[in-house]
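Chain by chain, the residues:
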Amino acid sequence: MAVPMLRTSMMLSPTSARGMATLKDIEMRLKSVKNIRKITSSMKMVSAAKFSRAERALKPARVYGAGAVSLYEKNDFAEGSDRLIIAISSDRGLCGGVHTNIGRNIKATQLSDRAVSKAIIVGDKAKAILIKTMGDTFLATFNNCGKKPSSFSDALNIAEEVLTHDYDSASIVFSKFKNVVSYNTTAYPVPSLAVIEANDAIYAYDEVDNEVLRCYQEFTLANLVHASLKEQEASEQSARMNAMENATRNAGEMIDKLTLLYNRTRQAVITRELIEIISGANALE
Amino acid sequence: YQRRVREAVVSTQSTGIPSTTGHFGILPNHVPTIAILLPGIVAITTEAGEVQKFFVSSGTATIHADSTVQILAEEICGLEDIDVNAARSGLEAAQSKLASAADDVSKASAQIEVDVYSGMVATA
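Because the structure is predicted, anything quoted here is derived from the model rather than measured.

Engineer: Can you tell me about the overall build of chain A, naming the residues and giving the values?
Structural biologist: Tallying secondary structure elements over chain A gives 7 helices and 5 strands in all. What you see in chain A, going N to C, is helices and strands ordered as α-α-β-α-β-α-β-α-β-β-α-α. The globule rule puts the C-alpha radius of gyration for 285 residues at 19 Å, and the 28 Å found for chain A is more than 25% above it. For chain A, the spread of C-alpha atoms along the three principal axes comes to 115 × 35 × 25 Å. When each of the 285 residues of chain A is scored for burial, the buried share is 41%.

Structure (structure tokens):
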């Protein structure tokens, strides 16, 4: 959009001897920054609408997540050596640091002694961030995330994929929504069936047998994936809202500065022409 | 039918749940338990004494040592939302599906449909 305009103006506008930005150049910059401000402002409003919907959907999902994770939190389950990580992100960017924080969190775990050997990635952004360092650990990746709000059947698909692999314990890394301006990158623990059965504390619970534990673990996994997807959505939309708000404000500041520069340049051009005319008239006398 | 997610934190006198190990009630200081829910009715008796009933399709129930209970149901609806005639025709369709199911997977999913529909019909 800007490039063809540049070419025509190079032919028409007079080149300034001193190399100062000509009026046409400033005018073009002003126009493009105004366009950017329009786009970021509309993106902010779209994100605000999606965010209010995501926040409403988060409330019940959070209850599911808290209820599902309560058993794992009240009892300590061994981590095991064969670890699987489920990274939750989405396909779309321009949302502040949401995806990079997930990537940073996972990369830090890889450098520590809790490194994982298996990874399941949800969302193209996390895939792009992690593929160089962790590409050989990828078991499955999911895309097409972020356009529409996630549903429980999406969580079921992911959970089914996780359950086809063997592991000792897994963790779901996601951005937990705190409030409109902040979120935390946290993880839900998901021990495997073998680890749960190996822990004696589980038998303090009544009526526990292999079948019950297996159903319980699978359903809890689906619940936790669902809850983390919803938290991710709320965090992402609020982060995008803030990022676009900042971009709009910055674009506005640039427009103010450029407008001042434009007016000064315009007045300088007029003054120069006046001087030329007057000195020309004086020379004739 | 409409899909709604319902969540509530309530203090209750007792809760009755349909589990794979039988239909049992939960009172304060119940022994810690993990249970899988079958299609059936969850009946909550609140502290005020009123009984709220919901039909659940499946899910889990966890009773902790500190007397907190988490019931996570896959799908839930109030009893008044169940149209018995629609449930009956759904049951017949599911039963014929079960009879004509070819492999184990479709047999299992048809069996699940039959269980849920018969649970719904039984609430009438």
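The rest of the description comes next.
Engineer: Explain helix H3 (residues 98–111) of chain A to me, and be specific about the residues and the numbers.
Structural biologist: All names here are of chain A. Along its 14 residues, H3 runs 21 Å from first to last C-alpha, staying within 8% of the 20 Å computed at 1.5 Å per residue. When H3 is considered as a whole, its buried residues turn out to be Val 98, His 99, Ile 102, Gly 103, Ile 106 and Thr 109. Summarising the axial view, the buried residues of H3 lie within an arc of 140°, below the 170-degree limit, and thus occupy one face. Among the exposed residues of H3, those oriented more than 90 degrees off its buried face are Arg 104 and Leu 111. Looking at the buried residues of H3, the elements they touch are strand E1 (83–88), helix H4 (124–134), strand E4 (169–179), strand E5 (182–191) and helix H7 (210–284).

Engineer: Describe in detail the interface of chain B and chain A, supporting the description with residues and values.
Structural biologist: With 24 residues of chain B in contact, the opposing surface of chain A contributes 23 residues. Here chain B and chain A share an interface that buries about 2,000 Å² over both sides, 66% of which is from carbon and sulfur atoms. Applying the counting criterion to the chain B and chain A interface returns 0 salt bridges. Counting every contact that joins chain B to chain A gives 1 residue pair in polar contact (both at pLDDT 80 or more). Put simply, the parts of the chain that give the side of chain B that touches chain A at least two residues each are strand E3 (33–37), strand E6 (59–63) and strand E7 (69–73) of chain B. Considering each element in turn, the side of chain B that touches chain A owes the most residues, 5 residues, to E6 of chain B.

Engineer: Give me the lowdown on the pairing of strand E5 (residues 51–56) of chain B, citing residues and values where you can.
Structural biologist: Residue and element names in this part refer to chain B. The sheet contact formed by strand E4 (residues 40–46) and E5 spans 6 bridges and is antiparallel. Note that in E5 the partner of Ile 44 across the bridge is Gln 52. Two successive antiparallel strands, E4 and E5, enclose a turn made up of 4 residues, where Gly 49 displays a positive phi of approximately 100°. Across 3 bridges, the pairing between E5 and strand E8 (residues 76–78) is antiparallel. Directly across from Phe 55, in E8, lies its bridge partner Cys 77.

Engineer: How would you summarise the pattern of salt bridges if you had to cite specific residues and measurements?
Structural biologist: A side chain with one charge may pair with a side chain of the opposite charge, provided their charged atoms come close. All names here are of chain A. The tally for this structure, following the rule as stated, stands at 8 salt bridges over all chains. In this structure, Glu 236 and Arg 240 form a salt bridge, with 2.9 Å as the shortest nitrogen-oxygen distance. Note that Glu 236 and Arg 240 are positioned in helix H7 at a spacing of 4 residues, about one turn of the helix. Of the two residues examined, Glu 236 and Arg 240, each falls in the buried class.

Engineer: Describe the nonpolar core, and please don't skip the residues or the numbers.
Structural biologist: Counting residues in each nonpolar core, the largest one holds 43 residues, and the members touching the most others are Val 162, Ile 172 and Leu 224 of chain A together with Ile 34 of chain B. For this core, the element with the highest residue contribution is H7 of chain A, accounting for 10 residues. Sequence-distant contacts of Val 162 of chain A, that is, excluding residues within four places in its chain, are made with Leu 84, Ile 86, Ile 120, Tyr 167 and Leu 221 of chain A.

Engineer: If you had to explain the pairing of E3 of chain B to someone new, which residues and values would you point to?
Structural biologist: Residues and elements named next belong to chain B. Extensive coverage of E3 is indicated by the burial of 5 of its 5 residues. Burial along E3 is two-sided: Thr 33, Ala 35 and Leu 37 and Ile 34 and Ile 36, pointing in opposite directions, are all buried. The pairing of E3 with E6 spans 5 bridges and is classified as antiparallel. The residue bridging Ile 36 from the neighbouring strand is Thr 60, located in E6.

Engineer: Help me get a handle on the packing of helix H2 (residues 23–74) of chain A against H7 of chain A, residues and values and all.
Structural biologist: Residues and elements named next belong to chain A. At their nearest, the axes of H2 and H7 sit 5 Å apart, and the two run at 160° to each other. As the angle between them shows, H2 and H7 are arranged roughly antiparallel. As H2 runs across H7, the sense of the crossing is left-handed. Along the lines of polarity and charge, the residues of the contact of H2 with H7 split into 29 nonpolar, 14 polar and 13 charged.

Engineer: Tell me about the sheet that holds strand E3 (residues 138–142) of chain A, residues and numbers included.
Structural biologist: Residue and element names in this part refer to chain A. The mixed open sheet is built from 5 strands, whose spatial order is E3-E2-E1-E4-E5. Two strands lie at the open edges of the sheet, namely E3 and E5, each paired on one side alone. Looking at each pair of strands side by side, their axes are set apart by 20° on average, direction ignored. Sheet topology note: the E1/strand E2 (residues 118–122) ladder contains 5 bridges and is parallel. Paired with Ile 86 across the bridge in E2 is Ile 120. Docked against the sheet, H2 engages E4 and E5, running at close to 35° with respect to E5.

Criteria and cut-off values
- The numbers attached to residues start from 1 for each chain and follow its sequence in the written order.
- Think of it this way: whatever chain is written first is A, whatever ligand is written first is 1, and the rest follow in order.
- With the structure being a predicted model, the display of local features is reserved for residues of pLDDT at least 70 and the display and counting of side-chain atom pairs for 80 or more, all residues being used for whole-chain, interface and lining totals.
- Based on all heavy atoms of the structure, the side-chain values leave hydrogens and waters out of the count.
- Secondary structure elements are taken from DSSP: a helix is a run of H or I of four residues or more, a strand is a run of E of two residues or more, and numbering for both begins at the N terminus.
- This radius of gyration counts C-alpha atoms alone. The globule rule is 2.2 Å times how many residues there are, raised to the power 0.38.
- Relative accessibility thresholds used throughout: buried, under 20% of the residue-type maximum; exposed, over 50%; partly exposed, between the two (1.4 Å probe, protein chains only).
- Here the expected span of a helix is defined as 1.5 Å times the quantity of residues minus one.
- The arc in question is formed by the directions pointing from the helix axis toward the C-beta atoms.
- We call two residues in contact whenever any of their non-hydrogen atoms come within 4.5 Å of each other.
- Accessible-area loss on putting two parts together, using a 1.4 Å probe and summing over both, is the definition of buried area adopted here.
- Salt bridge, as applied in this entry: a Lys or Arg side-chain nitrogen positioned within 4 Å of an Asp or Glu carboxyl oxygen.
- Two N or O atoms form a polar contact when they lie within 3.5 Å of each other; inside protein one atom must be a possible hydrogen donor and the other a possible acceptor, and for residues adjacent in sequence the pair counts only when both atoms belong to side chains.
- Strand pairing is assigned whenever DSSP detects at least two bridges linking the two strands.
- By nonpolar core is meant a set of buried Ala, Val, Leu, Ile, Met, Phe, Trp, Tyr and Cys residues that side-chain atoms within 4.5 Å join together.
- For every element, the axis is a line fit to its C-alpha atoms; helices are fit only across the contacting stretch, and the angle between N-to-C directions ranges from 0 to 180 degrees.
- By the definition adopted for this analysis, an angle is roughly parallel if under 35 degrees, roughly antiparallel if over 145, roughly perpendicular if from 65 to 115, and oblique otherwise.
- When the near helix sits turned anticlockwise from the far one by under a right angle, the crossing is termed left-handed; a clockwise turn instead gives a right-handed crossing.
- In this count, Pro and Cys sit with the nonpolar residues alongside Ala, Val, Leu, Ile, Met, Phe, Trp and Tyr, while Asp, Glu, Lys and Arg are called charged and the others, Gly among them, polar.

Just geometry here; none of it tells us what the structure is for.
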